[in-house]
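Inside the fold
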Amino acid sequence: MTGTPYAYEVQNVSKRYEKSSAPVTEDVTFRIREGAFFGLLGGNGAGKTTLIKQMLGLVRPDRGRILLFGRSVLTHPRFTTRTVGYMPQSAFALNSLTVRESLYYTAHLRGLPARAARLERDRLLDLLDLGHLARKAARQLSGGERRLLQLAVTLTGSPPVLVLDEPTNELDPARRRQVWDLLRALHRTDGRTIVLITHNAVEAEQVIEQVGILRDGVLAAVGPPAELKIPLRSHVRLTFSHPQDRPPELPDYVRVRSHHGGRVVAHLASADLARLAVDMDLAALPEFALHTATLEDVYLRHA
């Protein structure tokens, strides 16, 4: 490493494809500190995948530059490959390999000698509870099992930076919790820099320290979630359920955002909370919750 406090420095990066009428990324600038847990949020077509491929040196930007620990990802491709573990949304290259072969050969390709590669393979099989699938071909795995294999391959060789594209897609609740617990541990105890690409702001808020929100290739907002919530701090979200045949009467200052199947999501000004306790019998509802702005609210505001 070079001593820079930043794992990534993305500087004025723009990219336009020939057949595209609009840029895929436009003048994107942000930095990710070493050891940070960074979330990149955006809807379909926002430019997340293209930006990430530029950060990995897989796509050359039309202008701007991207530094990884002070080194250009384009002029130091081997350094980038050794430093970053990338988990894409799909990994067809693994189809013909068994789970154990995928891990062994990845470790070997990342510079581990044969014995160390076998030890690394066994460590990851145990870490992600994949031992019972070790001799199974990747193409025979379920969607959730493939995601766990992709994560294991990404972790092989303990790269200091992890770039994870929707890592919990297709996982059942128990496996999702396992993955989040593992990522928290890698971040907290190993000091890994983790870049999480997702459109699920609810999950992202549980782990990230800094967030960037992409909209149509432009970085609409970037910063710690708490700072991005400041413009929304005067708003409160009310969620509740009710018997479908008896919806409650709502005060006019409660603005309903969604109402389906007896479940309501609404917003109100924090100044109206005292009135709400008088105007609605919340205790009579089967369930209700009041909370301040979430990262999902920030995401919807910008994206």
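In this report, we go over the structure that sits alongside the text. (Residues numbered from 1 in each chain as written. Predicted model: local features only at pLDDT ≥ 70, side-chain atom pairs only at ≥ 80, totals over all residues. Heavy atoms only, no water.)

Formed by 44 residues in total, the largest nonpolar core has its most connected members in L41, L103, L149, L151, L183, I208 and L295. For this core, the leading source of residues is helix α5 (residues 143-155), giving six residues. Residue contacts for L103: discarding those within four places in its chain leaves R121, L124, L125, L149, A152, V153 and T156. Membership of the second largest hydrophobic core comes to 27 residues, among which are L51, L56, I66 and V73. (Core = buried A, V, L, I, M, F, W, Y, C linked by side-chain atoms within 4.5 Å. Buried < 20%, exposed > 50% of the residue type's maximum accessible area, 1.4 Å probe, protein only. Helix = DSSP H or I, 4+ residues; strand = E, 2+ residues; numbered from the N terminus. Contact = heavy atoms within 4.5 Å.)

Moving on: the pairing of strand β8 (residues 193-198). Counting buried positions over the six residues of β8 gives six, a clear majority of the element. Across the two faces of β8 the burial is the same, with T193, V195 and I197 and I194, L196 and T198 all buried. Pairing between strand β3 (residues 37-41) and β8: five bridges, direction parallel. From the neighbouring strand, L40 faces β8, where its bridge partner is I197. Two elements, strand β7 (residues 161-165) and β8, share five bridges in a ladder whose sense is parallel. (Pairing = 2+ DSSP bridges.)

What follows deals with the pattern of salt bridges. Counted by the stated rule, this structure contains 13 salt bridges. D272 is the partner of R275 in a salt bridge, and the nearest nitrogen-oxygen pair spans 2.8 Å. (Salt bridge = Lys/Arg side-chain N within 4 Å of Asp/Glu carboxyl O.)

Helix length check: helix α4 (residues 114-127), at 14 residues, gives a terminal C-alpha distance of 20 Å against a target of 20 Å (1.5 Å per residue), a fit within 8%. Residues of α4 that are buried: A117, E120, R121, L124 and L125. Seen from one end, α4 has its buried residues packed into an arc of 135°, which puts them on one side. Those residues of α4 that are exposed and aimed more than 90 degrees away from the buried face are R115 and D126. (Expected span 1.5 Å × (residues − 1). Arc of directions from axis to C-beta.)

So, on to the environment of A274. Tracing the chain through its elements places A274 in helix α9 (residues 273-279). Look at A274 and you get exposed, because its relative accessible area is 59%. Measuring from C-alpha to C-alpha, the distance between A274 and R65 comes to 52 Å, with 209 residues separating the pair along the chain.

Our next topic: the sheet that holds strand β4 (residues 63-68). Judged by pairing direction, the sheet is antiparallel, and its four strands sit side by side in the order β2-β1-β4-β5 without closing on themselves. In this open sheet, the two edge strands, each paired with only one partner strand, are β2 (25-33) and β5 (71-72). Taken together, the five bridges between strand β1 (residues 6-15) and β4 define a ladder with antiparallel strand orientation. Directly across from Y8, in β4, lies its bridge partner L68. In this fold helix α1 (residues 48-55) packs onto β1, β2 and β4, with an angle of close to 120° to the strand it touches most, β1. (Axes fitted to C-alpha atoms, helices over the stretch in contact; angles between N-to-C directions.)

Let us look at the packing of aromatic side chains. Geometry of an aromatic ring pair is reported as the spacing of the ring centres plus the angle between the planes. The full count for this structure, using the stated rule, is two aromatic pairs. Relative to F38, the ring of F30 has its centre 5.3 Å away and its plane inclined at 5°; by these criteria the two rings are stacked. Judged on exposure class, the residue F30 and its partner F38 are both buried. For R71, the ring lying beneath its charged end belongs to F79, and the centroid distance is 4.1 Å. (Phe/Tyr/Trp six-rings, centres within 6.5 Å; stacked < 30°, edge-to-face > 60°. Lys NZ or Arg CZ within 6 Å of the ring centre and 35° of its normal.)

As a packed pair, helix α3 (residues 99-109) and α4 sit with axes 8 Å apart at the nearest point and diverge in direction by 135°. In terms of axis orientation, α3 runs oblique to α4. Regarding α3 and α4, the two cross each other, and that crossing is right-handed. Across the interface between the two elements, V99, R100, L103, Y104, A107 and H108 of α3 pack against A114, A117, R118, E120, R121, L124 and L125 of α4. Its residues assigned to classes, the contact of α3 with α4 shows eight nonpolar, one polar and four charged. (Parallel < 35°, antiparallel > 145°, perpendicular 65-115°, else oblique. Left-handed = near helix turned anticlockwise from the far one by under 90°. Nonpolar A, V, L, I, M, F, W, Y, C, P; charged D, E, K, R; others polar.)

What follows covers the sheet that holds strand β12 (residues 255-260). Across a sheet, strands are paired by hydrogen bonds formed along the backbone, either parallel or antiparallel in direction. One open sheet holds the four strands; their spatial order is β12-β13-β11-β14, and the pairing between them is antiparallel. Two strands in the sheet have a free side with no partner beyond their single neighbour: β12 and β14 (287-292). Strand-to-strand twist in this sheet, taken as the mean axis angle between neighbours without regard to direction, amounts to 15°. The pairing of strand β11 (residues 235-241) with strand β13 (residues 263-269) spans seven bridges and is classified as antiparallel. In the strand pairing of β13, F240 is matched with V264.

Glancing now at the side chain of T198. Tracing the chain through its elements places T198 in strand β8. A distance of 3.1 Å separates polar atoms of two side chains, one belonging to T198 and the other to E166. Among the polar contacts made by the side chain of T198, one reaches the main-chain amide nitrogen of N200 at a distance of 2.9 Å. When residues no more than four places from it in sequence are discounted, the contact partners of T198 are L40, L41, G42, K48, E166 and A204. (Polar contact = N/O pair within 3.5 Å; in protein donor to acceptor, adjacent residues only side chain to side chain.)

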